[in-house]
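Residues per chain, in single letters:
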Amino acid sequence: MKKIPSKPYLSLIWFIEVLVAQNTATIPVNVGVVLDLEFLDANIGLTCINMALSDFYATHGDYKTRLVLTTRNSRNDVVGAAAAALDLIKNAEVQAIIGPTTSMQTNFVIELGEKAQVPIISFSASSPSLTSIRSPFFFRATQNDSTQVNAISALVQAFGWREAVPIYIDNEYGQGVIPYLTDALQAVDARVPYRSVISPSATDDQIVAELYKLMTMQTRVFIVHMFPSLGARVFAKAKEIGMMSGGYVWIMTDGLTAEFLSSPNASITNTMQGALGVKPYVPRTKDLETFRIRWKRKFQLDNPDLVDAQLNIYGLWAYDAATALALAVEKAGTGNLGFQKANVSSNSSTDLSTLGVSLNGPNLVQALSNITFKGLTGDYLFDNGQLQSSAFQIMNVNGNGGRAIGFWTQTEGIVKTLNSKNHMTAYSGSNSDLSTVIWPGDTTSVPKGWEIPTNGKKLRIGVPMKDGFSEFVKVRRDPSSNTTTVTGYSIDVFDSVVKTLPYALPYEYIPFAKPDGEPAGTYNDLIYQVYLKNFDAVVGDTTIVYNRSQYVDFTLPYTESGVSMIVPIVDKNSKNAWVFLRPLTWDLWVTSFCFFIFIGFVIWVLEHRINEDFRGPASHQAGTSFWFSFSTMVFAQRERVVSNLSRAVVIIWCFVVLILTQSYTASLASLLTVQQLQPTVTDVHELIKKGEYVGYQEGSFVLGILLDLGFDKSKLVVYNSIEQCDGLLSKGSANGGIAAAFDEVPYMRLFLSKYCSKYAMIDPTFKTDGFGFVFPKGSPLVPDISRAVLNMTEGDKMKEIENAWFGKQSRCPDSSPRVTSSSLSLKSFSGLFLIAGVASLLALMIFMVMFVYKERNMLRPSESRISIWRKALNFFRIFIQRDLKSHTFRKSEMNDRNGNSLPSMDGPSPSPYSVRTDYFPGDGDPSFDSSPDRQPSQEVVINIDQHTNPNQERVAAFEVEHDRNGLSDDTINSNRCSAPPSHSQIGFFLPPSLIKELPLHHLVDRQLQSSAFQIVNVDSNGEREIGFWSPTQ
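Residues numbered from 1 in each chain as written. Predicted model: local features only at pLDDT ≥ 70, side-chain atom pairs only at ≥ 80, totals over all residues. Heavy atoms only, no water.

### Brief notes about the sheet that holds strand E9 (residues 249–252)
We count it as follows: DSSP calls a pair of strands paired once it identifies at least 2 bridges connecting them. The helix count covers DSSP runs of H or I at least four residues long, the strand count covers runs of E at least two residues long, and both are numbered beginning at the N terminus. Each axis is a line fitted through C-alpha atoms, and for a helix only the stretch in contact is used; angles between axes span 0 to 180 degrees, taken between their N-to-C directions.
In space, the 8 strands of this open sheet follow the order E7-E6-E8-E9-E10-E16-E17-E18, with mixed pairing throughout. The open sheet is flanked by strand E7 (196–198) and strand E18 (413–415), the only strands paired with a single partner. Each neighbouring strand pair of the sheet contributes to a mean axis angle of 25°, computed without reference to strand direction. In this sheet, strand E10 (residues 276–280) lies alongside E9 in parallel orientation, the contact comprising 2 bridges. Bridging from a neighbouring strand, Ile-251 pairs with Leu-276 of E10.

This is the structure:
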């Protein structure tokens, strides 16, 4: 701030002149003003206060109250400000105090105002710490510093900076905003690795020493919050030592921005080219521009020595604060403007003890809280004693001044232009919403916000020290040269990643070991060294887990994730005598057998009436049907099928059998020739239940996982190398070894690359994020390293490194366990069986419909007295007989049983309503003459005349056995019929001489209603009538 000669009484003389010109009936109200009148900002504010009262009463001449200002100079001193306030309250009995200037001064003055119940209105005390006093008599007529921290954090987020260092003055003004700034930065995932505190009385050398300290750090984003006088010195020294060059970012808070850019000074702005700043946004209105002209004229009149002063935001707030107080005094009234004196003894030694209490103070506080008007800075009102926050304007220092590049609002975030009409715009946090920024070093390239320190220091990278699994990290010591060589898969990955970075990153590997070369601790101990700042990073086979991420940051993983279980694999296919049953499950076996029976039954139903191959005794018919069905398994069936329905069923069934037999053959061959390797155990809980021993790698976090799963600690065995793990698994849990080994997927992959034929990896039982590189919390290297890792994993470089250390694993078969059954199940063939079953049932339905329709007359007896059982029996007898009307039997009627052709009958054919009975001598009958010279047999045809309905079909057909008891073989043989039957005849062969001896019930097995029988003799000459028979005669 610029110091100027103090003129405390000019404002009082000017205001008295104003009062003389006003109505003498007005009531004066005393108001105190406490400012540091040695500085420019205070005088700017005082001029604005005087102009505000002049303008207010010029437009409100009817108001009865008039504020009378009593000004005191606090001389930039906290005690001076307190003394001035005490004097104004005690001696001048002011109703309110405007001021003081700084937050430190205001802190004590608030206490005085609280005690005397006098409102304190400050237009420049912005420290958030004043809010914690929670005094109802304090009104902050300026923006709280905490309202700008969100705008600053939005800038940090928009440009992707991960760290920022605040540089602030070591007093209440500087310290008050830091907690709010830190919280705001953390909310956008930015850290504060260091806080640079500069004393108000710091010398140039002390400032330079602090700046050099900042140069040795990685962070290049600095947020400056201090008085303008100290800030100007800091920027000047930063420019001298090269900290205003490319790569650096400087952000000023509103105090510095408003001071430096409202009244630009070339000597100051030249030292901060490229810096960013935020300041409260004040809309440019016609009234404001008019006021600037009037203020310039008035200020030069009051301060002729200051010709370069410019109106700033604090002057505007002072103007609006005076206007608000004038309105509140008029609204509160003048009923009681006095003070109530304290009841103390007259010999009290302190002024505070005799301090009175304002009687109008509470009314004035209430009036100020409810004031609302349109001021020079916009809508003006107090919310719990705090001025309503407004938008912030983002400035970029270029040339001899600032250039607006955007705005920030609470609702819309960073925007290029304010749009008061659109209140639904989404919150923005992108730098694309800003105009082009010219950064320090006169460049438009956005600084990345951090750099490797320029002091030549290398990153100290810790690496684990262990004996086994050296493919990942291996440390070799050369005793002769006392040097250490670090190699391994993880090391090669990190080296390749660093080479892809767009900047140089010097580093060195330091083994985490004791002086004797033994490991100095576990992986958790190694990672914790980064938190303790003993290492700058850790590179190795370090797993990303939650508890570690609480105090360090990990890059993206460069390996697979998860903890898996390794178990031995065995061939579980037993080659016993019953192995041929294993290809099919029991339900498929049963279903197949049932379908063979069913298909045989269907074929018999469809064929037995028309096919001689399926006729004969019941046992013969059953055997033939089932033989035919089961022989389809090898396609060896010899019986012919003549029905089209049967042929359709057989075709479909043969297709089903073909698929079933081929599948059975393939499955059986696989069982007998291929090893079915399966894990000995697939469930972790099975290991716990049986109390098996399991192993884990020494120093691994897997120990905690196993204990959490429920394993007894006494059942846990430690191994250090791949070979040791193989030995323990080979022994088995019962022989001093282990039943399973638990470790991370990368270790298991390496293990299986050597022993893939003996073990299998079960699916992960516990998810992790794989191996990652470790850095301090909030390290700016993490995003760059992670992007480089991601780029490598998507390319061929990572595969090259894997092949170099682990070799190509294509020689090993897939070791994934196959725990599902190898037997063929019914589910696989249900569709085929369904098709065969539906086709068979459909064929049966068609056959039955055709049969019933064809025999409908015979199945409908004329006598209703016949029982259902007799009807069913009649149906069954008809069903099991030959269908001689079938083309197969009509064709065979031309041949005798020995295959001899019989001459056709020249005589007329018998009536179709006749029953023809043939007598067939049984096999083995000694009286049967089978010689070619035997006499031809005679056929007896019994014609059945249907008197009731001559058009009705035949009623019944019977095969009648002849009772040969009492008849000699010679008699039978000599009288055997030989005449060929007509195709329309059904009969049996009997000697004509024995017709009369045949019992009637042997000829007809049912009652024939209203029928007569004609007995004829058929020989080579034709038919010859020999008699009649009727039921009555």
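### So, empty space enclosed by the protein
We count it as follows: Both site types are read off a 1 Å grid over the protein atoms alone. A 1.4 Å probe that fits but cannot get out defines a cavity, while an open set with protein on both sides within 12 Å along at least five of seven lines defines a pocket; lining residues have an atom within 4 Å of a point. Grid points are joined across faces, edges and corners, and a volume is the space filled by probe spheres set on the points. Following the grouping adopted for this structure description, the nonpolar residues are Ala, Val, Leu, Ile, Met, Phe, Trp, Tyr, Cys and Pro, the charged ones are Asp, Glu, Lys and Arg, and the polar ones are all others, Gly among them.
This model, assessed by the stated rule, comprises 6 cavities of 30 Å³ or more. Taken as a whole, the second largest cavity spans an internal volume of roughly 80 Å³. Around the second largest cavity, the lining residues are Tyr-523, Asp-541, Thr-543, Arg-548, Gln-697, Glu-698, Gly-699, Ser-700, Phe-701, Glu-744 and Tyr-747. Of the residues assigned to the lining of the second largest cavity, the class counts are 3 nonpolar, 4 polar and 4 charged.

### Considering a nonpolar patch on the surface
Quick reminder of the rule: Only residues above 30% relative accessible area that lack a salt bridge enter a patch, with like-charged residues linked at up to 9 Å and the nonpolar side chains Val, Leu, Ile, Met, Phe, Trp and Tyr linked at up to 5 Å. Shrake-Rupley sampling with a 1.4 Å probe provides the accessible areas, and residues are treated as covered by the protein chains on show and by no other component. Within this document, salt bridges are pairs made up of a side-chain nitrogen of Lys or Arg and a carboxyl oxygen of Asp or Glu, the two lying within 4 Å of each other.
Residues Trp-578, Phe-580, Leu-581, Trp-586, Trp-589 and Val-590 make up a contiguous nonpolar surface patch of roughly 680 Å² in combined accessible area. For Leu-581, the location among the structural elements is in the loop between strand E25 (563–571) and helix H17 (586–607).

### As for the packing of helix H2 (residues 40–59) against helix H12 (residues 313–332)
Let me state the cut-off plainly: Throughout, the term roughly parallel applies to angles under 35 degrees, roughly antiparallel to angles over 145, roughly perpendicular to angles from 65 to 115, and oblique to all others. In this scheme the handedness of a crossing depends on how the near helix is turned from the far one: anticlockwise by less than a right angle means left-handed, clockwise means right-handed. Residue contacts are counted whenever heavy atoms from the two residues lie within 4.5 Å of one another.
Running from amino to carboxyl end, H2 crosses H12 at an angle of 40°, the nearest separation of the two axes being 8 Å. Our classification of the angle between H2 and H12 gives oblique. Classified by chirality, the crossing of H12 by H2 is right-handed. Only Gly-315, Ala-318, Tyr-319, Ala-322, Thr-323, Ala-326 and Leu-327 of H12 make contact with H2, whose side of the interface consists of Ile-44, Gly-45, Cys-48, Ile-49, Met-51, Ala-52, Leu-53, Asp-55, Phe-56 and Tyr-57. Looking at the contact of H2 with H12 residue by residue, the class counts come to 13 nonpolar, 3 polar and 1 charged.

### Notes on H12
The criterion, for reference: Expected span of a helix: the number of residues minus one, times 1.5 Å. Exposed residues in this analysis have more than 50% of their type's maximum accessible area, buried residues have under 20%, and partly exposed residues fall in between, with area computed by a 1.4 Å probe over protein chains only. Here a polar contact means two N or O atoms within 3.5 Å. Within protein one must be a hydrogen donor candidate and the other an acceptor candidate, and residues neighboring in sequence count only if both atoms are side-chain atoms.
Here H12 contains 20 residues, and its C-alpha end-to-end distance of 28 Å stays within 8% of the 28 Å for a straight helix at 1.5 Å per residue. With 17 of 20 residues buried, H12 is to be regarded as a mostly interior element. You can read the cap of H12 off the contacts: a side-chain oxygen lies 3.1 Å from the backbone nitrogen of Tyr-314, and it is on Asn-312. In the segment just after H12, Gly-333 is the residue with positive phi, at about 85°.

### Some words on a negative patch on the surface
Note the cut-off: The sign given to each residue is positive for Lys and Arg and negative for Asp and Glu; His and the chain ends receive no count. Charged groups are reduced to one reference atom each: NZ for lysine, CZ for arginine, CG for aspartic acid, CD for glutamic acid.
On the surface, Asp-467, Asp-516, Glu-518 and Glu-698 cluster together to form a negatively charged patch. Examined against the element boundaries, Glu-518 turns out to sit in the loop between strand E22 (507–511) and helix H15 (523–531). Here Glu-518 falls in the partly exposed class, since its relative accessible area comes to 45%.

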